[in-house]
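Geometric and topological summary
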Amino acid sequence: MAKITYKHPNGTVTILDVEAPNTVMRAAKLNNVDGIEAQCGGSAQCGTCHVYVDAESSVPLPEMDPVEDDVLYGTACERTEFSRLSCQLPVSEDLDGLLVHLPEAQS
Amino acid sequence: MASHSVVVVGAGQAGLETAAALRGRGYEGRIMLVGDEPSGPCDRPPLSKGYLAGTVPAADIALRPPSFYAAQDIELLSGDRVASVDRERRTVLLESGLRLPYGALVLATGSRPRTLPVPGASLTGVLTLRGLADAEDLRLRLSGPPRSVVVVGAGFIGLEVAATARGLGHDVTVVEAQPRALARALTPQMSARVVAEHRAQGVRVLLGREVSALYGDAEGRVQVMELGDGERIAADLVVVGVGVLPDTRLALTADLVVGDGIVVDERLRTEDPDIYAVGDCARFPSPHAGRHVRLESVQNATDQARCVAAAICGEPYAYTAVPWFWSEQYAMRLQMAGLTAVHDETVTVGDPDSGRFSVLCFRAGRLIGAESMNRPADHGIVRRLLTTGMHLAPDTAREPGFDLKKLPRTPAASPASPAMSVPA
Ligand SMILES: Cc1cc2nc3c(=O)[nH]c(=O)nc-3n(C[C@H](O)[C@H](O)[C@H](O)COP(=O)(O)OP(=O)(O)OC[C@H]3O[C@@H](n4cnc5c(N)ncnc54)[C@H](O)[C@@H]3O)c2cc1C
Ligand code: FES
């Protein structure tokens, strides 16, 4: 179980208790968190599950693979050093306390 | 709010996303989602890929878990069909006898596979692939020892099934009537590369060849396929992937305008202001095509669902999203952006021989889309260029060393760009 916080551009937050196996994307979809579209269902094709990991976050994340890196070139909102595809972030206890910021638009 | 209740007909991708997007926007009325498939809304793309291969578990096929519907107060009626629409009284009648009232009605009835118009097409072992039940059946048949599998149609679904079946060790033949694969969807260059990969993987790809008949054994199981030129091919299993037809049956009985799809305006509304159509079944005016089109993709289903949810919530906006599509075959990641059928110039970036390249398509000097093989950055960047309307000239793309990744993001990045709102 991990507590994951999604912060919307307008400042509101959604906090979810997420069980493994899951991804940060899937947890958002299951709970109808507006702002994650995830059109490709998590196959790293669409870039519509883009999130910004909080800059202060000390939660350890998996390294980005080359496909994720490539897909992030196409996101609707600016890519930053904090950009990740939420479908490529599997949830484990390690992610407990993760805060992600949702972009203004996904497509 | 425009209406106190919404009935969505068809619990596929477009129907489910409409219901979810309505709640996501804060719609407070009643939402009823009726689907004739016994399973709840499922993700179709894995049905010809990971699910068929056995790498994606059944649990991941459901678009949402069962708990989602209660939590979002969406009334999901599975295994029931809407039989008729009473536009005067604004109700729909289900086959179970239930009558549901609507303020707004959304037709998300999808499409159904075409069948083969040849003798023997109804033999056992001749299958089409659309729903979870079809995929389960096919998966079971492919889980045994190697057999002769013949795929009719070299479109995306046919080629994905061929790739999956080949990956499972079967003997695979693809028969396509057109002189090239994916003729409607891809440039000759890209389709040739895709076919080359299938052949390299040991699939027999027959182009410009037509099926004339299927013959079975004494028990009525398919055994042999005959082609128009007389060639006979052993076939223990035949998968027919020759395209789909929009499901317009309900729209026809409701007296709505239909013609290769349910005809809607740029807000996805039929001529009845309370009835919308979304997804595979909708024929809409596309600014990207410059005419009415019907698209069969997850992107189209989900983006149209959001557009209709907005319209029902009284925030009318037009459906203008950039069309895109993906396919996975072996290790090939194919991605298409824009509508490229009518182009007059192409520029290839990357190296086709290495299997990592994109074909950029132009019309009258303007970029209208791209096809990419194993170049996801190109795909995403082209989608963004099309969305923002940024100009890219073919001559620029032809310059040595040209790299889409090096283009500026937008003509004028506003200082209040979302990246800035991230605490740094
Ligand atoms: C095997 C396969 C692989 C695919 N792969 C990809 C891919 O890789 N990428 C991509 O972008 N797209 C892919 N697609 C296409 C994509 O899945 C479709 O475009 C999308 O599902 C369309 O959604 P829809 O809701 O319009 O239709 P559907 O998902 O077909 O849903 C329509 C539903 O309505 C039901 N229905 C019809 N009439 C009634 C009625 N009167 N009452 C009740 N229910 C009714 C139907 O039974 C069906 O369940 C694939 C499709 C298939 C079949
Ligand atoms: S869901 Fe499509 S890239 Fe993550």
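These notes cover the structure that comes with them. Bear in mind the structure is a predicted one, so any value in this text is a computation, not a measurement.

Residue and element names in this part refer to chain B. Here three strands make up an open sheet; going across it, the order is 13-14-15 and the pairing antiparallel. Edge positions in the open sheet fall to strand 13 (211–216) and strand 15 (232–234), since each of these has one partner strand only. Taken pair by pair, the neighbouring strands of this sheet meet at an average axis angle of 25 degrees, ignoring direction. Where strand 13 meets strand 14 (residues 222–227), five bridges bridge the pair, whose relative direction is antiparallel. Following the sheet pairing, Ala-213 is matched in strand 14 by Glu-226.

So, about empty space enclosed by the protein. This structure, assessed with the given rule, holds two cavities of 30 Å³ or more. Of the pockets and cavities examined, the largest cavity occupies roughly 160 Å³. Contributing to the lining of the largest cavity are 18 residues, with Arg-26, Lys-29, Ala-38 and Gly-41 of chain A together with Leu-63 of chain B lying nearest its centre. Among the elements of the structure, helix 1 (24–30) of chain A together with helix 1 (13–24) and helix 8 (298–312) of chain B are those that each provide at least two residues to the lining of the largest cavity. Among the elements that make up the lining of the largest cavity, the one with the highest residue count is helix 1 of chain A (four residues). Quantified by volume, the second largest cavity comes out at close to 40 Å³. The biggest single contributor to the lining of the second largest cavity is helix 9 (residues 376–388) of chain B, with four residues. Class assignment of the residues belonging to the lining of the second largest cavity gives a composition of three nonpolar, six polar and one charged.

Definitions and limits used
Residues numbered from 1 in each chain as written. Chains lettered and ligands numbered in written order. Predicted model: local features only at pLDDT ≥ 70, side-chain atom pairs only at ≥ 80, totals over all residues. Heavy atoms only, no water. Pairing = 2+ DSSP bridges. Helix = DSSP H or I, 4+ residues; strand = E, 2+ residues; numbered from the N terminus. Axes fitted to C-alpha atoms, helices over the stretch in contact; angles between N-to-C directions. 1 Å grid on protein atoms, 1.4 Å probe; cavity = no way out; pocket = protein on both sides within 12 Å on 5 of 7 lines; lining within 4 Å. Points joined across faces, edges and corners; volume = space filled by probe spheres on them. Nonpolar A, V, L, I, M, F, W, Y, C, P; charged D, E, K, R; others polar.

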